Structure formats: C-alpha cells, structure tokens
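# Observations on the three-dimensional arrangement
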Amino acid sequence: AQKVTQAQTEISVVEKEDVTLDCVYETRDTTYYLFWYKQPPSGELVFLIRRNSFDEQNEISGRYSWNFQKSTSSFNFTITASQVVDSAVYFCALSEAASGSGGYQKVTFGIGTKLQVIP
Amino acid sequence: DTAVSQTPKYLVTQMGNDKSIKCEQNLGHDTMYWYKQDSKKFLKIMFSYNNKELIINETVPNRFSPKSPDKAHLNLHINSLELGDSAVYFCASSQDLAGVEEQYFGPGTRLTVT
C-alpha cells in the first residue's frame, strides 16, 4: 500500500474555478508531519506548507487552504479562484519515523497531481 | 544567493560512461538528499546524508555512489550509465533528520543517457 496517495493524477480547471487536490496518507506513527510542494513547469520544487500530526487546524494562505483530518488520514489542498500561474504538479509528502530508525524520519512523496488551469 | 545549487543543469551522455553531479547548500543544514524523478514525475529518494554520514540508501544500484566531503556538499557519481538512468536528479537539504522542517530543493539535473 502506498504511504501517500494522490488519487488525482491530472486535473484541468478553467481559470477562477476552485479546485481541491486530495492527499491520503498511511502511518502508524502518532507523531508525523505532512507537507505540500509545488513543481511549476520550470521544474523547481517549492515548499508550500507543513503540518504536524497534533495540529488539525485548517490553514489559509491567500488563495490556498489546507484541510487536515486525522479521522480520514487526509490532508487536502484547495486553491480558490485558480489562476494560470497555479498550473504545476503538486506533491503531498509524509515524514514519519523510518523503520529500524536510529531516530530519524523518512519522507515519502506522493506521485503528484498535475494541475492545469486553462485561461 | 542560491540556497541549494546543482551542477550541471543538463547532462547528456552515452551508455557506459561515468558522470558526476555536484550539489552544494549554503543554508547550514545538517542533512542532504538525492532524489530521482522519472518521466512520470514520480519523486523517489535515493540517499540521505547527515553530517557527512550516509543514513538512507534506498536500494539504489551500487553504480550510484554518493560522496559528502563536508556537510555542505553531497555529490553523486554514477558509473556505467544505463538508459534507465535518464531522469531528473534533485538534490535537497533540510535542517536535520528530524523530518520536522521542510526540504529545500536544488534546480535539478536533467540526465539523458543515449
């Protein structure tokens, strides 16, 4: 089973539409961290947000918002009033204790969701 | 100032050759990583180093040999290149191994093996 599942491989929306990118994770740890990264067509990976397992507060940053629900093991990402510049591949990632760890965490990325915003 | 830099940005070479990719971070981070991103954008960790010490080796063929001369540098040497090695390779760094802080990625090196 995948540790991080991003079921939507590609999404297309028309500019100004709202869009939600889903992320479902799997872990046995009680302490873990979740991340979202953006990879625009230029190729670089850009950090967007971090959440720890003890903080289920939703977060809003401009047009971006994140909904973390431990009950469903989900950390979904919504873009409101999407813009062409939002077109990118978005990765969800999970940081948890590595098996047999010497106290370090291992980060696993989902396969990414490619978002295309059409003008 | 570039936080995480990689050279070269593009690398085109023939099968069987040996090549290296260099990575440097000026963030003062303890931990560095190499990731491979295939044509389907799947991002998979290859190695992680903490203070020059190898921590994670994700069943990568031993043709790949990382080297960390100091904690600011993590180079990747690849021997006997194969067609399947064609991918984008990303270097990244983070504060430490705790996994709490985000990773900072380099711009990537697009390797094409012909």
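First things first, this report covers the structure right here in the doc. (Residues numbered from 1 in each chain as written. Chains lettered and ligands numbered in written order. Predicted model: local features only at pLDDT ≥ 70, side-chain atom pairs only at ≥ 80, totals over all residues. Heavy atoms only, no water.)

### Some points on the interface of chain A and chain B
In this complex, chain A contributes 17 residues to the contact, which on the side of chain B involves 17 residues. Approximately 1700 Å² of surface area, both sides summed, lies buried where chain A meets chain B, with 61% of it carried by carbon and sulfur atoms. When the buried surface of chain A facing chain B is broken down by residue, Leu45, Tyr104 and Phe109 of chain A rank first, second and third, together holding 31% of it. Inspection of the region where chain A meets chain B yields three salt bridges. Among the ionic pairs, Glu102 of chain B bridges to Arg50 of chain A, the shortest N-O distance being 2.5 Å. For the pair chain A and chain B, the number of links is five residue pairs in polar contact (both at pLDDT 80 or more). At the level of elements, β5 (33–39), β6 (46–52), β10 (88–97) and β11 (105–109) of chain A are the ones that each hand at least two residues to the side of chain A that touches chain B. Grouping the constituent residues of the side of chain A that touches chain B by class yields eleven nonpolar, four polar and two charged. (Contact = heavy atoms within 4.5 Å. Buried area = accessible area lost by both parts, 1.4 Å probe. Salt bridge = Lys/Arg side-chain N within 4 Å of Asp/Glu carboxyl O. Polar contact = N/O pair within 3.5 Å; in protein donor to acceptor, adjacent residues only side chain to side chain. Helix = DSSP H or I, 4+ residues; strand = E, 2+ residues; numbered from the N terminus. Nonpolar A, V, L, I, M, F, W, Y, C, P; charged D, E, K, R; others polar.)

### Side note on the sheet that holds strand β1 (residues 4–7) of chain B
All names here are of chain B. Reading across from one edge, β1-β3-β8-β7 is the order of the four strands in this open sheet, with antiparallel pairing throughout. Since the sheet does not close on itself, it has two edges, and those belong to β1 and β7 (64–70), each with one partner. Adjacent strand axes in the sheet meet at a mean angle of 20°, parallel and antiparallel pairs treated alike. Bridge analysis of β1 against strand β3 (residues 19–25) gives four bridges, and the strand direction is antiparallel. Of the residues in β3, the one forming a bridge with Gln6 is Cys23. (Pairing = 2+ DSSP bridges. Axes fitted to C-alpha atoms, helices over the stretch in contact; angles between N-to-C directions.)

### Focus: the nonpolar core
Residue and element names in this part refer to chain A. Counting residues in hydrophobic clusters, the biggest one holds 23 residues, and the most contacted among them are Trp36, Phe77, Tyr90 and Leu115. Secondary-structure elements contributing two or more residues to this core are β2 (10–14), β3 (19–21), β5, β8 (64–69), β9 (74–79), β10 and β12 (113–118). The leading source of residues in this core is β10, at four residues. The contact partners of Phe77, leaving out residues within four places of it in the chain, are Val19, Thr20, Leu21, Trp36, Leu48, Tyr64, Ser65, Trp66 and Tyr90. (Core = buried A, V, L, I, M, F, W, Y, C linked by side-chain atoms within 4.5 Å. Buried < 20%, exposed > 50% of the residue type's maximum accessible area, 1.4 Å probe, protein only.)

### Points about the packing of aromatic side chains
Residue and element names in this part refer to chain A. On inspection of all chains with the given rule, the structure shows 20 aromatic pairs over all chains. Centroid distance Tyr25 to Phe68: 6.2 Å. Interplanar angle 45°. Geometry classified as tilted. Of this pair, Tyr25 sits in strand β4 (residues 24–25) while Phe68 sits in strand β8; the two residues are 43 residues apart in sequence, bridging distant segments of the chain. Take Tyr25 and Phe68: they sit in the same class, and that class is buried. Aromatic side chains Phe35 and Phe47 sit 6.4 Å apart centroid to centroid with 65° between the ring planes, which places their arrangement in the edge-to-face category. Here Phe35, found in strand β5, pairs with Phe47, found in strand β6; they are twelve residues apart in sequence, far enough to count as distant. (Phe/Tyr/Trp six-rings, centres within 6.5 Å; stacked < 30°, edge-to-face > 60°.)

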